[in-house]
Every structure is written in structure tokens, then in C-alpha cells.
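If you want the building blocks of each chain, they are given just below.
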Amino acid sequence: MKTLYITQKLPAAADIWLQKTALDREIFPEPHPIPREILLQKIKMADGLICMLSDAIDADLMDAAPKLKVICNYAVGTNNIDLEAARARNIIVCNTPGVLTHATAELTWALILAAARRLTESERFLRAGKFIGWQPTLLIGTELFGKTLGIIGSGRIGQRVAQIGHAFGMEILYSRSRNPDLEKACNAKLSEFGDILKNSDIISLHVPLTPENKRLITMRELKMMKSSAILINTARGPIVNEADLATALQQKIIAAAGLDVFEKEPLVHPGLLALENLVLLPHIGSATERARNAMAKMVIEDAAAVLNGQSPKNRVV
Ligand code: NAP
Ligand code: GLV
Ligand code: GLV
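Just so it is clear, the structure is predicted and the values come from calculations on it, not from any experiment. (Residues numbered from 1 in each chain as written. Chains lettered and ligands numbered in written order. Predicted model: local features only at pLDDT ≥ 70, side-chain atom pairs only at ≥ 80, totals over all residues. Heavy atoms only, no water.)

Asker: I'd love a proper account of empty space enclosed by the protein, names of residues and values included.
Answerer: Inspection of the entire model under this criterion finds 1 cavity of 30 Å³ or more. By volume, the largest cavity is sized at about 50 Å³. The wall of the largest cavity is formed by Ala114, Ala115, Arg118, Leu119, Thr120, Glu121, Ala256, Ala257, Glu276, Asn277, Leu278 and Val279. Sorting the residues of the lining of the largest cavity by element identifies helix H5 (101–116), helix H6 (119–127), strand S11 (256–259) and strand S12 (278–280) as the ones contributing at least two each. The element best represented in the lining of the largest cavity is H6, accounting for 3 residues. (1 Å grid on protein atoms, 1.4 Å probe; cavity = no way out; pocket = protein on both sides within 12 Å on 5 of 7 lines; lining within 4 Å. Points joined across faces, edges and corners; volume = space filled by probe spheres on them. Helix = DSSP H or I, 4+ residues; strand = E, 2+ residues; numbered from the N terminus.)

So this is what it looks like as C-alpha cells:
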């Protein structure tokens, strides 16, 4: 019988699909990312792997896995996996595109609204007992209607964020390939990266983490933005230089930011933690019941397909 190793417990609904596969399976039982030494041990006997975005799946790990045929990432971003190493070893890699688009786009909007209207700061203020009555100038924020939303990376999630922005009455700028459907749906305008930085009130990042996109946003790019701009990152932490962002927020080079992802997750740059004009979330973009169940079904079905000699639906490599 083929063996599937799963590096964290999936939502309870996953049990139904796991039972259908008739694969032998083992699950790392603890509620935190699996330590590297344990994964190196467990992978030795695995024919298939369902892993998390927090697991570094590199060439050394693949070399410790002589039977491994398939890696299914319980995420759409695959930057945690060495795709070239997998290709070279004929290991198939799958991910979970599409089913988490709404969840992540909606969470992006939660961050946009929270940063623009100072929600977390306002809540901290209230809970601290500082709300002594309505005031004309209390916790003034930014109104979004009529403002410009810049989308960096107009793939599945970026396009959905743009559509919601259009419903808020925002002008939409997007990169980097022309998309007539998006232009029709949102009156979106294709713009150069630098022009998006200069002209947007809200800048939202939706590119995958690749070598070219690492540190796409540094002090240079932050200085190109309006001093009233708000930067949102629900893509991947290393796309932004976190130390530069902390300085820019502290010195009011930009007005505010909202982050769901961090350069060295789960660590957060200490300079960020002290700031009020920043909303911080623990990487919960896809954390809805519907998305996480659908992701579980996808990774289990694709792992089972490969191990049964069939084609998986969501193959990356
Ligand atoms: P997608 O459909 O593949 O979209 C990514 C888009 O980025 C593509 O349109 C791509 O365009 C574009 N792109 C890549 N590099 C670019 C650059 N330098 N400048 C401009 N555009 C660039 O992926 P998705 O499903 O929307 O997901 C996007 C990312 O979100 C994932 O890779 C993942 O890292 C992140 N994510 C985070 C969460 C969370 O929990 N916070 C949840 C889901 C996803 P081309 O076609 O021209 O390459
Ligand atoms: C989450 O971050 C994902 O890439 O699915
Ligand atoms: C505010 O609560 C208003 O009524 O304007």
C-alpha cells in the first residue's frame, strides 16, 4: 500500500476524502509546523507528501525520500518548494489555486479597511478605556470612494481585489499584462510599476514570491509612494523589505500598512510591532471554512490521483 505523509492536521472534513483514497497515511499530530528533523525521518517511507507553506521542501529533503512521487502544497503559493529540484527528480508538485481566491481577496479588503479607518488602533483605544465621548476629530482616517487602488500582480486574487475596489467607487490601476476583461469589469487601467507606486492611494501586493519579486518593495519604492499611501501585503513577506517598511511607517514616508505575511514568519520585525499605523495579521488569508475544506479536498485528491497512476488536476511541476 502507498503511504501519504501529511505535515499538519487538516480540517475535520478532510477525513472523508482521506478515507476514500485507501492510502496508508500518517499525520504530524502537533498544532505547529513540523520540525525539520522529524520531516527528514518521516519522508523516508513516503510515496506522497501533503505539506504546508511553512515547510521548506528542498533538494536535501527530496534526496531523503527515495519513494516520493508527489508533493501537494496546502497553499497556492509554492515558493517553499524547490520546483527545479522536484522536476529534476520527476516528482510531481501540486497546489490549491482558485478555491482560496475569495477568502484571500476578502481578507485583503479587511486589511484595506482596517488600515484606512484605523480599526485596530480604534479598538485598542476603546478597550483601554479612552473613549470618553464622540469628538469631531477622533481617529480620523481615509475615505476610499474616488481614491486609486493599485494592484501589483493582477492574477486570480489581485483581480478579485480590484473588482471589490471598483464596487467601493475606486479607480483601479493594475500590472503587468493587459487584461481586457478586467478593464471592462472595473474600468481598470494598465500602468507601469513606478506609475502605480506614484499614483495610488492604496497599493496591494498579489505577486508570487519568486527570485525577481523578492524585495520588490524597498525604501526606494516606498519613497516613490504618496505620503498618504497605504501598503497592503497578503502575498508573501519577503516581497517587502520589512526593516525599510518599519522605518517608512515610523517616519511617515507612507501613512499606513496592513500585513498578513512576514519576511521571517512567524517572526515579525520588532520595529513593526511598536507602530500604531499598521494592522498585523497572522497569515490568515485563506482561513475560511469553505476555502480550507476545498483546499484539503484538492490536495488529497491530487495526491491520490498521482499515487494511483492518474493525472492530478492542479499540477505546477
Ligand atoms: P496568480 O493567479 O498566479 O497571480 C499572480 C499574478 O502575479 C500573475 O498574474 C502574474 O502575472 C503576476 N506577477 C508575477 N510577478 C509580477 C511582477 N513582478 N509584477 C507584476 N505582476 C506580476 O496567483 P494567485 O492565486 O492570485 O495568488 C497570488 C499569491 O498570493 C500566491 O502566490 C501566494 O503567495 C499569495 N497568497 C497568500 C495568501 C494568504 O494567506 N495571505 C493566500 C493565497 C495566496 P504573469 O502572468 O504576468 O506572470
Ligand atoms: C497562502 O498563503 C497560500 O499561498 O495559499
Ligand atoms: C454619526 O454617527 C452621524 O450620525 O453623523
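Asker: So, unusual backbone geometry: which residues are in play, and what are the values?
Answerer: A cis amide bond links serine 175 with the next residue in sequence, arginine 176, at an omega value of -10°. Residue proline 266 is reached from glutamate 265 by a cis peptide bond, and omega for that bond is 5°. The phi torsion at asparagine 90 lies on the positive side, around 55°, for a residue other than glycine. Along the chain, asparagine 90 turns up in the loop between helix H4 (83–88) and strand S5 (92–94). What makes asparagine 90 exposed here is its relative accessible area of 67%. Positive phi, close to 55°, is recorded for arginine 118, a residue that is not glycine. Relative to the helices and strands, arginine 118 is located in the loop between H5 and H6. (Buried < 20%, exposed > 50% of the residue type's maximum accessible area, 1.4 Å probe, protein only.)

Asker: Could you give an account of the packing of helix H1 (residues 14–21) against helix H13 (residues 289–307), with specific residues and numbers?
Answerer: Closest axis-to-axis distance for the H1/H13 pair is 9 Å, and the angle between their directions is 10°. Between H1 and H13, the crossing angle belongs to the class labelled roughly parallel. Contacts between H1 and H13 involve Ala14, Trp17, Leu18 and Thr21 from the first element and Asn293, Ala296, Lys297, Ile300, Glu301 and Ala304 from the second. Of the residues assigned to the contact of H1 with H13, the class counts are 6 nonpolar, 2 polar and 2 charged. (Axes fitted to C-alpha atoms, helices over the stretch in contact; angles between N-to-C directions. Parallel < 35°, antiparallel > 145°, perpendicular 65-115°, else oblique. Contact = heavy atoms within 4.5 Å. Nonpolar A, V, L, I, M, F, W, Y, C, P; charged D, E, K, R; others polar.)

Asker: Give a detailed account of the sheet that holds strand S3 (residues 48–51), specifying residues and quantitative values.
Answerer: Taken in spatial order, the 5 strands make up an open sheet running S2-S1-S3-S4-S5, and their pairing is parallel. Looking at strand neighbours, the two that pair on one side only are strand S2 (24–27) and S5, the edges of this open sheet. Taken over all neighbouring pairs, the strand axes of this sheet differ in orientation by 15° on average, direction set aside. As defined by bridge partners, strand S1 (residues 3–6) adjoins S3 across 3 bridges and the pair is classed as parallel. Each residue of the ladder has a partner; that of tyrosine 5, found in S3, is leucine 49. Each of S1, S3, strand S4 (70–73) and S5 is contacted by H13, which is oriented at about 170° to S4, the strand it contacts most. (Pairing = 2+ DSSP bridges.)

Asker: Mind laying out the packing of H5 against helix H7 (residues 156–167), listing which residues take part and the relevant values?
Answerer: At their nearest, the axes of H5 and H7 sit 9 Å apart, and the two run at 50° to each other. Judged on the interaxial angle alone, H7 and H5 are oblique. Where H5 crosses over H7, the handedness of that crossing is right-handed. Listed contacts from H7 to Thr101, His102, Thr104, Ala105, Thr108, Trp109 and Ile112 of H5 are Arg156, Ile157, Arg160, Val161, Ile164 and Gly165. When the residues that make up the contact of H5 with H7 are grouped by side-chain class, the tally is 6 nonpolar, 5 polar and 2 charged. (Left-handed = near helix turned anticlockwise from the far one by under 90°.)

Asker: Can you break down the site of ligand 1 residue by residue, with the values?
Answerer: Residues in close proximity to ligand 1 total 24 residues, the closest being Ile157, Arg176, Asn213, Thr234 and Asp260. In the model, an oxygen atom of ligand 1 is placed 3.3 Å from a nitrogen or oxygen of the histidine 283 side chain. A distance of 3.2 Å separates an oxygen atom of ligand 1 from a polar backbone atom of glycine 285. Within the complex, the protein chains bury 80% of what would otherwise be the 940 Å² of accessible surface of ligand 1. Split by residue class, the shell around ligand 1 holds 6 nonpolar, 13 polar and 5 charged. (Near = heavy atom within 4 Å. Polar contact = N/O pair within 3.5 Å; in protein donor to acceptor, adjacent residues only side chain to side chain. Areas by Shrake-Rupley, 256 points an atom, 1.4 Å probe, with all protein chains shown as cover.)

Asker: Explain the domain arrangement of the protein chain residue by residue, including any values.
Answerer: For an interface, size is often stated in terms of accessible area lost upon the parts coming together. Taken domain by domain, the protein chain comprises domain 1 (3–99 + 289–307) and domain 2 (101–280). Taking the mean C-alpha position of each, domain 1 and domain 2 sit 31 Å from one another. At the interface, 9 residues of domain 1 touch 6 residues of domain 2. Interface of domain 1 and domain 2: buried area, both sides summed, is about 600 Å²; carbon and sulfur atoms make up 50% of it. Looking at the side of domain 1 facing domain 2, the largest losses of area belong to Leu53, Asn79 and Gly98, adding up to 58% of the total buried there. Between domain 1 and domain 2 we count 0 salt bridges in total. At the boundary of domain 1 and domain 2, one finds 2 residue pairs in polar contact (both at pLDDT 80 or more). Looking at the side of domain 1 that touches domain 2, its residues break down into 6 nonpolar, 3 polar and no charged. (Domains from an automatic or database assignment. Buried area = accessible area lost by both parts, 1.4 Å probe. Salt bridge = Lys/Arg side-chain N within 4 Å of Asp/Glu carboxyl O.)

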